[in-house]
Amino acid sequence: MDNGMDNMLDMYLFETNSLLEQLDELLIEAEKAGDFTVDDVNEIFRIMHTVKGSSAMMEFSSLMQIAHHIEDLFFFIRENGLESLDSSHKSILFDLMFRSTDMLRAEVSKVENNEPLSDNVDNLTQEINSFLKKISKDNAQQGEKEPGVKPSVQKEETEILKSSAPAVQAVNLDEIRMDLAECPDDNAAFFLRLFFDEGCGMENLRAFMLISTLKESGLEFGYYPHDVETNSQSCATIIEKGFFLTFESRKDAESAISLINNLNNIRSYELIENVRVKNAAAAEVQNPSTASPAVRENTAAPSAPAPSTGHQTPNKQNLISVNLTKLDNLVAIVGEIVITESMVTSSPEIQNLKNLDSFLKATRQLRKLTDDLQDIVMSLRMVPVSGVFQKMNRIVRDMKQKLKKDVRLTIIGENTEVDKSIVDSIGDPIMHIVRNSMDHGIEDTAEERIAAGKDPQGEITLSASHTTNEVIISIKDDGRGVDPAGVLAKAKKNGILTKPESEYTQKEILALLLAPGFSTNEVVTEFSGRGVGMDVVKKNVETIGGTVTITSELGKGMCTTLKIPLTMAIVDGMEIAVGKSVFTIPIANIRQSFKVKNEEVIYDTEGNEIIKCMNQFYPIIRIHSLYNIETEITNIEDGILVWVESGDKSYCLFVDDLLGEQQVVVKPLPVYLNSFNIKDSGISGCTILGDGNISIILDVLNLYAAAHNQY
């Protein structure tokens with residue numbers, strides 16, 4: 001596949017996935033309301049029409065067929081009104097639409113994975129057709145009456161339009177205009193000449209899609225060239241002379257123009273009246289009073305074009321889609337600029353210059369511009385979590401029906417933004433937690449909830465909020481909560497306890513839920529019980545630098561909290577010195593730094609150092625001891641304690657000195673180091689300093705575990 005087709009496929013997948021997500025949200029909201037609105041029907045029709053047209057252009061037959069049949073169904077509903085559906089029809093329609101979107105999404109997934117599409121979708125399309133026949137049966141009699149009215153209306157409109165044909169005085173000028181436009185030899189009353197965007201490609205297929213759009217709207221028209229669907233050579237003709245549509249009335253032409261204004265890739269269009277129509281003179285004689293204004297208008301300004309003539313379509317988009325790889329490259333380049341700027345400003349040769357005032361002023365301005373550029377580039381990658389949150393509506397809806405539970409999903413803070421790569425990574429963890437809440441958490445019956453003094457309808461709350469450098473996502477339910485005794489019993493049965501049961505705190509018991517292979521469900525169901533889920537959640541969240549914590553109260557519910565960094569590309573860090581080595585601690589993890597005296601340090605029963613800070617006791621970890629670094633500063637009074645915190649871990653690091661705050665670009669560790677399990681040693685990555693040296697970035701959460709294992 002060439003690059004052009006690759007780009008078209010990427011655009012197709014992006015557009016279709018966006019439309020299907022939009023459709024899912026629309027259906028869920030409509031089902032909650034118990035009915036479709038007129039806007040809903042129009043929107044579903046538009047979505048299906050777009051999917052059908054783009055799928056036909058890409059030759060994805062299964063997608064095109066499903067979308068086409070749904071489009072037919074909603075065309076009928078749109079034409080006959082929502083009154084054509086009773087309550088039983090609507091219930092069936094909701095279920096049919098959800099299954100259809102699932103099928104469409106499955107086919108799109110096959111396209112994404114380069115798998116063959118389904119050869120036969122007849123079962124679903126026949127079901128759609130059967131439902132269409134069922135709802136049209138009650139409206140058949142009314143539908144037969146309406147067509148009888150239309151011919152007379154059309155005839156009347158045609159007579160009026162014919163009566164307003166241009167006067168004889170303007171015929172010569174209009175004929176010249178027709179010749180210049182190279183209008184085809186046709187007896188239609190109006191020509192609509194269109195030009196597609198330059199370089200858009202596949203003009204014949206775009207013309208065919210336009211024809212399909214207009215036909216679905218019920219318009220009667222002709223078009224030139226006739227063979228756009230089958231003849232790719234017609235592209236050259238369309239590019240040179242334009243694509244012509246012919247209409248018998250101005251009303252039809254203007255209806256077509258209103259539709260064309262909402263389409264993409266149309267550069268311009270021009271409406272031309274056909275003065276060669278033989279019955280124009282007869283119409284003028286029959287309706288002289290209506291012809292007169294046209295005579296005066298054309299006499300007054302014979303050279304002026306019609307109001308819609310030569311209309312340039314406005315730019316309808318203020319958004320563009322960009323390949324994520326390009327954004328990644330842009331972020332990488334900005335990162336290199338940050339590093340280079342730091343290298344220039346800290347260069348020893350420059351520091352030796354005598355007059356540095358103007359240089360320092362310029363470097364301050366450069367730093368400001370670099371920071372602004374960095375903020376803008378990072379913001380390009382930031383997307384709201386609403387896309388992930390809204391997908392949970394569908395999960396809750398489907399499980400609600402299968403488990404026969406009455407549950408509502410409440411979403412808070414869906415406009416909170418995080419890095420695109422992180423949004424892609426949190427979808428599965430959130431889905432697992434929501435499914436657990438539905439299956440394990442919410443009580444099985446409304447009676448059980450009423451007996452516990454709760455609302456008969458269960459509630460799952462999804463919320464997202466910002467702190468300085470991280471986003472906090474919580475998934476909370478008001479169900480039965482977690483039974484600590486049951487968790488301990490199951491953990492003991494599975495052999496994953498590491499100390500006597502009596503020594504486990506509530507926090508440690510709940511942490512067992514995140515252990516691999518752990519499940520409190522005794523029966524394997526469609527949704528849970530296989531011991532796969534929460535450990536995957538923990539692993540996925542930690543992969544993107546986040547943490548998972550669980551809180552629960554028996555009989556009240558459970559809350560799972562994910563703390564995730566806003567971005568993993570560039571972080572604010574504090575440079576620290578230990579011997580001759582330089583380390584970086586993310587500013588987000590630092591609470592305080594301070595000096596202490598020997599008498600302030602106390603020791604636990606195992607001889608480990610502890611310091612009291614704000615009426616709490618925290619362990620001290622010496623970096624030089626952990627990593628076997630030679631240093632002259634070993635006395636606690638000579639160094640500095642840095643109080644750090646990550647997840648549920650809070651402790652103090654003993655370092656030689658603080659070198660200062662600096663924005664650093666996070667570089668991944670070389671792949672070959674993975675075999676040494678280096679990330680479990682409290683190291684998350686590295687960065688390049690201004691002097692060209694490498695600084696190790698410390699992982700505050702894993703560093704505590706590494707020190708604990710060593711001691």
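The preceding data block contains the structure.
Residues numbered from 1 in each chain as written. Predicted model: local features only at pLDDT ≥ 70, side-chain atom pairs only at ≥ 80, totals over all residues. Heavy atoms only, no water.

**A look at the environment of M574**
Then step 1. Mapped onto the secondary structure, M574 falls in strand β13 (residues 570–578).
Then step 2. Taking the C-alpha atoms as reference, M574 lies 4.4 Å from E661; in sequence the two are 87 residues apart.
Then step 3. With near-sequence residues (within four places) excluded, M574 lies in contact with F583, T584, I585, I587, I590, L658, G660 and E661. (Helix = DSSP H or I, 4+ residues; strand = E, 2+ residues; numbered from the N terminus. Contact = heavy atoms within 4.5 Å.)

**Some words on the packing of aromatic side chains**
Then step 1. What the rule picks out here adds up to 10 aromatic pairs.
Then step 2. Centre to centre, the rings of F221 and Y223 are 6.4 Å apart; their planes meet at 50°, and the pair counts as tilted.
Then step 3. Centre to centre, the rings of F221 and F247 are 6.0 Å apart; their planes meet at 40°, and the pair counts as tilted. Residue F221 is found in the loop between α8 (203–216) and β2 (222–224), and its partner F247 is found in strand β3 (residues 243–247); the two are separated by 26 residues along the sequence.
Then step 4. Site record: aromatic cluster; members linked through ring pairs are F221, Y223, F243 and F247.
Then step 5. Over the ring of F45 we find R78, and its NZ or CZ is 4.0 Å from the ring centre. (Phe/Tyr/Trp six-rings, centres within 6.5 Å; stacked < 30°, edge-to-face > 60°. Lys NZ or Arg CZ within 6 Å of the ring centre and 35° of its normal.)

**Description of the environment of K649**
Then step 1. With respect to the helices and strands, the residue K649 is situated in strand β20 (residues 649–655).
Then step 2. Here K649 falls in the partly exposed class, since its relative accessible area comes to 26%.
Then step 3. On a C-alpha basis, the gap between K649 and V700 in space is 8.4 Å, while along the polypeptide they are 51 residues apart.
Then step 4. In this structure K649 touches V644, L701 and Y704, once residues within four positions along its chain are discounted. (Buried < 20%, exposed > 50% of the residue type's maximum accessible area, 1.4 Å probe, protein only.)

**Observations regarding the nonpolar core**
One recurring pattern in soluble globular proteins is that nonpolar side chains are buried together.
Then step 1. Ranked by size, the top nonpolar core spans 47 residues in total, and within it I430, I473, I475, L562 and I564 carry the most contacts.
Then step 2. Counting residues per element, this core draws most heavily on helix α17 (residues 420–441), which supplies seven residues.
Then step 3. When sequence neighbours within four positions are dropped, the list of residues in contact with L562 reads I430, I433, V471, I472, I473, I475, V541, T547 and V548.
Then step 4. Judged by nonpolar contacts, the second largest core, of 45 residues, contains L23, I66, L96 and L104. (Core = buried A, V, L, I, M, F, W, Y, C linked by side-chain atoms within 4.5 Å.)

**Here's the deal with empty space enclosed by the protein**
Where empty space is left in the structure can be found by rolling a water-sized probe over the atoms.
Then step 1. Taken as a whole and assessed by the stated rule, the structure comprises two cavities of 30 Å³ or more.
Then step 2. The calculated volume of the largest cavity comes to roughly 50 Å³.
Then step 3. Taken together, V338, E341, S342, R367, T370, D371, Q374, Q662 and Q663 make up the lining of the largest cavity.
Then step 4. Looking at the lining of the largest cavity, the element that brings in the most residues is helix α15 (residues 357–380), giving four residues. (1 Å grid on protein atoms, 1.4 Å probe; cavity = no way out; pocket = protein on both sides within 12 Å on 5 of 7 lines; lining within 4 Å. Points joined across faces, edges and corners; volume = space filled by probe spheres on them.)

**Details of the sheet that holds strand β15 (residues 590–594)**
Then step 1. In spatial order, the strands read β15-β19-β20-β18-β17-β16; together these six strands make up an open sheet with mixed pairing. The open sheet has two edge strands, β15 and β16 (601–603), and neither has a second partner. The mean inter-strand angle of the sheet, taken between neighbouring strand axes irrespective of direction, is 35°.
Then step 2. In this structure, β15 lies alongside strand β19 (residues 640–646), joined through four bridges in antiparallel fashion. Across the sheet, the residue bridging to F594 is L641, located in β19. (Pairing = 2+ DSSP bridges. Axes fitted to C-alpha atoms, helices over the stretch in contact; angles between N-to-C directions.)

**Observations concerning unusual backbone geometry**
Then step 1. In this model, Y224 is joined to P225 through a cis peptide bond whose omega is -5°.
Then step 2. Looking at where P225 falls in the secondary structure, it is placed in the loop between β2 and α9 (234–241).
Then step 3. Phi at N114 takes a positive value of approximately 60°, unusual for a residue other than glycine.
Then step 4. Tracing the chain through its elements places N114 in the loop between α4 (87–112) and α5 (122–137).
Then step 5. Positioned with a positive phi, M614 is a non-glycine residue whose angle comes to about 50°.
Then step 6. Within the secondary structure, M614 sits in the loop between β17 (609–613) and β18 (616–622).
Then step 7. Take M614: its relative accessible area is 59%, and that puts it in the exposed class.

**Thoughts on the state of the cysteines**
A covalent bond between the sulfur atoms of two cysteines is what we call a disulfide.
Then step 1. This model, assessed by the stated rule, comprises zero disulfides.
Then step 2. This cysteine, C613, is not joined by any disulfide, and C652 carries the nearest cysteine sulfur, 6.1 Å off. (Disulfide = S-S within 2.5 Å.)

**Remarks on the pairing of strand β14 (residues 581–586)**
Then step 1. Pairing geometry for β13 and β14, over six bridges, is antiparallel. When the bridges of β14 are listed, I576 appears paired with F583.
Then step 2. Between β13 and β14, which pair antiparallel one after the other, the connecting turn spans two residues, and G579 there sits at a positive phi close to 60°.

**Quick word on a negative patch on the surface**
Then step 1. Judged by side-chain charge, E599, E600, E637 and D638 come together as a negatively charged surface patch.
Then step 2. Mapped onto the fold, E599 is located in the loop between β15 and β16.
Then step 3. According to the relative accessible area criterion, E599 is exposed, its value standing at 61%. (Patch = residues over 30% accessible without salt bridge, like charges linked within 9 Å, V, L, I, M, F, W, Y side chains within 5 Å. Areas by Shrake-Rupley, 256 points an atom, 1.4 Å probe, with all protein chains shown as cover. Salt bridge = Lys/Arg side-chain N within 4 Å of Asp/Glu carboxyl O. Lys, Arg positive; Asp, Glu negative; His and termini not counted. Charge placed at Lys NZ, Arg CZ, Asp CG, Glu CD.)

**Some points on the sheet that holds strand β21 (residues 657–665)**
Then step 1. The strand order across the open sheet built from five strands is β21-β13-β14-β23-β22, with neighbouring strands paired in mixed fashion. Where the open sheet ends on each side, the last strands, each with one partner, are β21 and β22 (683–688). The average undirected angle you get between the axes of adjacent strands in this sheet is 35°.
Then step 2. Two elements, β13 and β21, share eight bridges in a ladder whose sense is antiparallel. Bridge pairing in β21 links M574 to E661.
Then step 3. Seen against the sheet, helix α13 (residues 324–345) touches β21 and β22 and runs at an angle of roughly 140° to β21.

**Focus: the pattern of salt bridges**
Then step 1. Evaluation of the coordinates by the stated rule reveals 31 salt bridges.
Then step 2. For E273, the salt bridge goes to R250, with nearest N and O atoms at 3.5 Å. Of the two residues, E273 is situated in strand β4 (residues 266–273) and R250 in helix α10 (residues 250–260); the sequence distance between them amounts to 23 residues.
Then step 3. Residue class for R250 comes out partly exposed when judged on its relative accessible area of 25%.
Then step 4. The salt bridge involving E501 is made with K492; its shortest N-O contact spans 3.2 Å.
Then step 5. With a relative accessible area of 53%, K492 lands in the exposed category.
Then step 6. A network of salt bridges, in which partner residues are shared, links D24, E31, D102, R105, R394, R397 and D398.

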